Amino acid sequence: MGHTSPILADRRTTSQGRTRLAELEDNQVVQRFLDGEQRAFNELVYRYDKRLQNFVYRTIGDRERAEDLIQETFVRVYRHIHRFDQTRKFSTWIYTIAGNLAKNELRNRSRNPLVLFQSLMKNWEADFRPLEWEDPKTRPDDLYRKRFLRQKVDEAVSLLSEHHRVVFVLRELHGKTYEEIAEITDCTLGTVKSRLNRARNRFARIIAPMIK
Amino acid sequence: MLELNCRRFFETYSDYRDGGLGIAAQTAVHAHMASCEACRRYDRVIRTGVSVLRAEEAPARRRNVRLIPLRNRAWATERRESMALGSAGSGIATLGMALVAVVLGSFAWLPLVGAGTSAAATPEFEMAPVVAAAPESPVPARPAVGLRPTRSTDDVIWPPLLVHGSSWFTGPNTQGLAAEVDPD
């Protein structure tokens, strides 16, 4: 039978009889926000915060700066959401904004190169953190190997060229389709495929010595 | 069955990993990996590397951790934009006012500027003096209409609209307007 139990129906709707925001598609949440429901924007932030954080961090390699750029992304979304074409996917739109901000950041950085204090500290932590602070149940050589592998994998991603890195991160970590990646990065499907293939090859070549 | 060599394997690996191959091609990739240690290792390296990356992803935060600073920043941006628009608007308004002032000023100065050049062309008329006769009786006082000066608030005379209600004004007989003169 296709009936929904009253309890389930209650859980799915608010007291005003509207479907709960968490159960709506992105575009429906956007529409709710445009209809004047301010809470709908909070829902969008909650849905995309972590994903964008990982995407931008992987693209620019600096968590602190990635935080700023994500905030900027959400502010831009907030201010221009009325311009969003609702026949498209919201996730593609927000990733495009974040990706463009990350690209600008990398461009600015290449104009004004500087050594980031955070990256120095990251290396310091990896090299000099005493082993006795680690979980005693795990063997130190295992820990060392895992930490080393993690570091190398991070390094491998950062060694990819910007074009390859963005495509690789979007596909492998965010599960975007080729079409979505093409739209976010503003290039053709063929370009996406070849970049992804090269990125994977390069990534594998860098980390291969660390993996049995 | 379709057979692959290592080179062909590398070319199709991305499609294989992304699920873009048909069943026959997929079977061929599996068969090749089963027989080739290097290609099997390649697949293992990619999978392990990606799983390490995924395990490292940032944890989700509580909602307010992001929302509060974001809201503050959105407000600040809005305020900054509106101030910028306001100052641009006031700049334009000032410029417009200055322009109007210049135009009006130039009109005001026009007769004086033109006096030197066209004074001779301006005709002059001599008017006959007007002689008025003295009035025979004093001018009668006009009745006061509406508000009149009063000494205390008790003497305030309300305008007709408020004394007689709005229907008076909007009613069909607007002739009554003349009759609503202060009875004094």
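Since the structure is predicted, the reported quantities are computational estimates derived from the model, not experimental observations.

Colleague: Quick rundown of the packing of aromatic side chains? Include the residues and the values.
Modeller: All names here are of chain A. Here the structure, examined in full by the defined rule, presents 15 aromatic pairs over all chains. Plain terms: the ring middles of Tyr48 and Phe90 are 5.5 Å apart, the flat faces sit at 70 degrees to each other, and that makes the pair edge-to-face. A residue pair is termed long-range when its members are at least 10 positions apart, and Tyr48 in helix H3 (residues 39-60) and Phe90 in helix H5 (residues 90-111) qualify at 42 residues. In this structure, Tyr48 and Phe90 share a single accessibility class: buried. Between the aromatic rings of Phe55 and Tyr95, the centroid separation amounts to 5.3 Å while the plane-to-plane angle is 50 degrees, which identifies the pairing as tilted.

Colleague: Residue-level account of the interface of chain A and chain B, with values.
Modeller: On the side of chain B, 34 residues touch chain A, which itself brings 41 residues to the contact. Of the roughly 3700 Å² buried at the junction of chain A and chain B (both faces included), carbon and sulfur atoms supply 51%. It is A:Gln71, A:Arg79 and A:Arg200 in chain A that bury the most area against chain B; as a group they hold 16% of the surface buried on that side. The shortest N-O distance in the salt bridge between B:Arg17 and A:Glu172 comes to 2.8 Å. Inspection of the region where chain A meets chain B yields nine residue pairs in polar contact (both at pLDDT 80 or more). Each residue belonging to the side of chain A that touches chain B can be placed in one class, and the counts come to 19 nonpolar, six polar and 16 charged.

Colleague: Mind laying out unusual backbone geometry, listing which residues take part and the relevant values?
Modeller: Residues and elements named next belong to chain A. You will see that Asp186, though not glycine, has its phi angle at about 60 degrees, which is positive. By the secondary structure assignment, Asp186 is in the loop between helix H9 (178-185) and helix H10 (189-207). Overall, Asp186 belongs to the exposed group, its relative accessible area being 69%.

Colleague: Residue-level account of H9(A), with values.
Modeller: Among the eight residues that make up H9(A), six are buried, leaving the element largely enclosed by the rest of the structure. Along H9(A), the residues that are buried comprise A:Tyr178, A:Glu180, A:Ile181, A:Ala182, A:Ile184 and A:Thr185. Contact partners of the buried residues in H9(A): H5, helix H8 (162-172) and H10 of chain A together with helix H1 (6-17) of chain B. Just downstream of H9(A), A:Asp186 is the residue with a positive phi angle, here 60 degrees.

Rules used in this analysis
Residues numbered from 1 in each chain as written. Chains lettered and ligands numbered in written order. Predicted model: local features only at pLDDT ≥ 70, side-chain atom pairs only at ≥ 80, totals over all residues. Heavy atoms only, no water. Phe/Tyr/Trp six-rings, centres within 6.5 Å; stacked < 30°, edge-to-face > 60°. Helix = DSSP H or I, 4+ residues; strand = E, 2+ residues; numbered from the N terminus. Buried < 20%, exposed > 50% of the residue type's maximum accessible area, 1.4 Å probe, protein only. Contact = heavy atoms within 4.5 Å. Buried area = accessible area lost by both parts, 1.4 Å probe. Salt bridge = Lys/Arg side-chain N within 4 Å of Asp/Glu carboxyl O. Polar contact = N/O pair within 3.5 Å; in protein donor to acceptor, adjacent residues only side chain to side chain. Nonpolar A, V, L, I, M, F, W, Y, C, P; charged D, E, K, R; others polar.

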